[in-house]
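Residue-level structural notes
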Amino acid sequence: MIHRLAAFVKSPIARWIVGVTLVMCALLIWRPTFCEFFELKLYDLKFRFRGPIPAGQQVAIVAIDDDSLKTVGRWPWSRENMARMLTRLKQAGPRVIALDIIFAEKEQTASYQAIKNLSDGLARRGVSPEILKILEVEKNRADVDRLLAKVLKQGPPTILGFFFRSLGGKTRGVEADKLMGASFLQASTYNVVRLLDTKPSQVQLVGAAGIERNLPEITEAGAGDGYFNMIPDPDGTVRWFPMAVMYGGEFFAPMALVTLSHAAERAPMAITLSRWGVDEVRLGPHTVPVDRYGRMLINYLGPEGSIPTYSATGVMNGTLPPEALKDKIVIVGATAVGIYDLRVTPFSGTFPGVEVQATIMDNLLRGNFIRTPPFGLIFMLLVLVALAVMLGIVLPRFSAAWAFIFTLIIIEAYVGFNYYLFTRQGLQLELFYPLGLIVLVYLGVTMQRFLAEERERERIRKTFESYVAPAVVQEMLKHPEQLRLGGERREITVLFTDIRGFTTMSENLNPEALVKLLHDFLNPMSNIIINQGGTIDKYMGDAIMALFGAPLVQPDHPRLACRAALEMVGSLAALNQTWAEQGRPPLKVGVGVNTGPVAVGNMGSDRLFDYTAIGDNVNLASRLEGLNKYYGTSILISDTTAKALEGGFILRDVDLVRVKGKVQGVRIHELLGEGEPDPELARFLELHHRALSLYREKRFPECQPVFAQALEIHPGDATCQHYLTLAQKHHETPPARDWEAVTVMEGK
């Protein structure tokens, strides 16, 4: 087990899995833009698949929509219209009103300007103070900002909105109390700030470069102030909301939190910070889940209109149902398309900003949060490592098909579990990084398996090329269906070759010289067989067994085998000349070739087997190779091989032989060459065949002079001399009446 584990750790698959895991962990930590883009889009898909969920009944929106603009006029409305609308709204009895609107500039009406000019002119002319006092009263009455401030002070508390400039950067070196005043700070910052082990300047928190707030008299009239800034993600979608902003050394609270604080009778807003960032945000006894930068994930309820929304026109005209806004938290803001207070959310690309604020309030009121796990980064790193270990253990043990199925199961299981946690438990876990790891590990394991198979394929190819011609190997790779391993009956041609007198020769050579001799002989002979398309079955000392027509089907296997035999004998003659110059003894070979049906396939045991051929026709080829010594020939082929050649080769009929293990005689031929014989050889073959025919007809006296004439053309021909001797013997001592011209071979 330990050795197997050590081998796996050292394997390319293990290195790939470790590498992919490290890369995905690094991407999870650094979160490059291209990775975050996919992660964020997968996060949005979870909202789409979940679909809308019901909103609470405590928050409502009064929308300055397109109908309101048609009724009242273009935006921004005058302070008089705003005062009129807020007056009617407060009469509806809401608990708290929040304004997603800012009144940063003073509005001067024509009547106000006329009274002011008149007052200033009379003052320069020295008019009595009583007249100037009357004009001052009228001027204040014409001041619509004062009118709006007066309305804001009345009735249910009103929370004003403001915004920071360049949110997300670092705060500038300002002192908030000197810039904004103590009353504004008290109304817009956290009531309780706990610094555990850090200084305010070291806190990892969203900062700002500037602030844009309401007019002083309007600010003083509001019950509280809160920012309504949103920070979109890199793709422009609003998913997070900053629950705290640091500016001027102070920690400001958002309008949503300030509004709910007043709705809960001024419940304290608390923030706890450490050197790692924001540890906790609380509203009264309730905790708001935030990340280290103080951001809260917004749990969108659905597309626009999910929060109950009423038109400002209905409020101003008094057509709103009496109980529509009673005791509710009402947020006022623009939804008209032309005002461009629209945001991109997971549900929509034109989502009103005021509804984003209302959604945040609904999340805070109902505790309907989307949380990230404690120590989320460490948790996800452990998830990646666990997935990598599981895949590394399982995938290499499976086949390609089962590995693919298992990978799909893991992907579906993780996505399903992730979606379950998101929809049922409100827990957000990353999808892209684990899925990326699963896919990359699977692809890596599959690629490593493919490369291993390719290496094995290449090894087998090279191994086959040691026994088979490269062209045959390429054909086998192109048409593997022709390879039917495991045992089958097939007609092939078997070739045996052996060195004559090798045993005696080996006794006179030392082992090194013997090995060198064998290599110098076997190497060129093997190349000839392979180049002719044969397969080397085995080496048996100085002998070679070769197959033609297996494992790849070759229709012309008899011709290929005969060409190989001729080339081997011719090549050996050239080698003997070279070796003679080196003082080495010459070699002589015998070659036997037979064609016929044999059993080919994997032969052997379960532990060790070899691709080979067995059968009587294999044995016959071996016997033919041995008969060369008896007839003094170099190449003997069977009659079946001779008939399969269908011409094109020079053959000499040698004998009818009954080899050991055979009952019937086998006609054998000597292979002399390919093509047409020259005149001298043609005359020799004519005389030999005529003499052999007379011999077989028992006409011994007549055949002797014919054999003698053949010997005159090829003196020393062992076969002719053999038959001449037999003819003389039978002439002197006639054989029995049932004699047949068949040679019986008792030995191998």
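Residues numbered from 1 in each chain as written. Predicted model: local features only at pLDDT ≥ 70, side-chain atom pairs only at ≥ 80, totals over all residues. Heavy atoms only, no water.

Describing the packing of aromatic side chains
As enumerated under the stated definition, the model contains 27 aromatic pairs in all. Considering the side-chain rings of Phe-38 and Phe-432, the 5.6 Å spacing of their centres and the 15° angle between planes classify their relative orientation as stacked. Here Phe-432 lies in helix 17 (residues 432-465) and Phe-38 lies in helix 3 (residues 33-50), a separation of 394 residues in the sequence. For the ring pair Phe-432 and Tyr-433, a centre distance of 5.3 Å and an interplane angle of 75° mean the geometry is edge-to-face. Comparing Phe-432 with Tyr-433 shows no difference in burial state: the two are buried. Connected via pairs of aromatic rings, a cluster forms that spans Phe-162, Phe-164, Phe-184, Tyr-227, Phe-241, Tyr-247 and Phe-252. Taking the ring centre of Phe-184 as reference, the NZ or CZ of Arg-213 above it sits at 4.9 Å. (Phe/Tyr/Trp six-rings, centres within 6.5 Å; stacked < 30°, edge-to-face > 60°. Helix = DSSP H or I, 4+ residues; strand = E, 2+ residues; numbered from the N terminus. Buried < 20%, exposed > 50% of the residue type's maximum accessible area, 1.4 Å probe, protein only. Lys NZ or Arg CZ within 6 Å of the ring centre and 35° of its normal.)

Considerations on the side chain of Lys-46
Mapping Lys-46 onto the fold places it in helix 3. The buried charged residue Lys-46 lacks any salt bridge, with Glu-39 as its nearest oppositely charged partner at 5.5 Å. A polar contact is formed between the side chain of Lys-46 and the side chain of Asn-418, at a distance of 2.8 Å. Setting aside residues no more than four positions away along its own chain, Lys-46 makes contact with Asn-418, Tyr-419, Phe-422, Gln-428, Leu-429 and Leu-431. (Lys, Arg positive; Asp, Glu negative; His and termini not counted. Salt bridge = Lys/Arg side-chain N within 4 Å of Asp/Glu carboxyl O. Polar contact = N/O pair within 3.5 Å; in protein donor to acceptor, adjacent residues only side chain to side chain. Contact = heavy atoms within 4.5 Å.)

What to know about the pattern of salt bridges
Under the defined criterion, the tally for this structure stands at 28 salt bridges. With a shortest N-O distance of 3.3 Å, Glu-217 and Lys-106 are connected by a salt bridge. Here Glu-217, found in helix 11 (residues 216-221), pairs with Lys-106, found in the loop between strand 2 (96-99) and helix 6 (110-125); they are 111 residues apart in sequence, far enough to count as distant. You can call Glu-217 partly exposed: its relative accessible area is 30%. The partly exposed category is assigned to Lys-106, whose relative accessible area is 39%. With a closest N to O distance of 2.9 Å, Arg-366 and Asp-362 form a salt bridge. Of this pair, Arg-366 and Asp-362 are both found in helix 14 (residues 353-366), four residues apart, which corresponds to roughly one turn of the helix. According to the relative accessible area criterion, Asp-362 is buried, its value standing at 2%. Beyond isolated ion pairs, a larger network of salt bridges with shared partners links Lys-41, Asp-44, Asp-233, Asp-235 and Arg-239.

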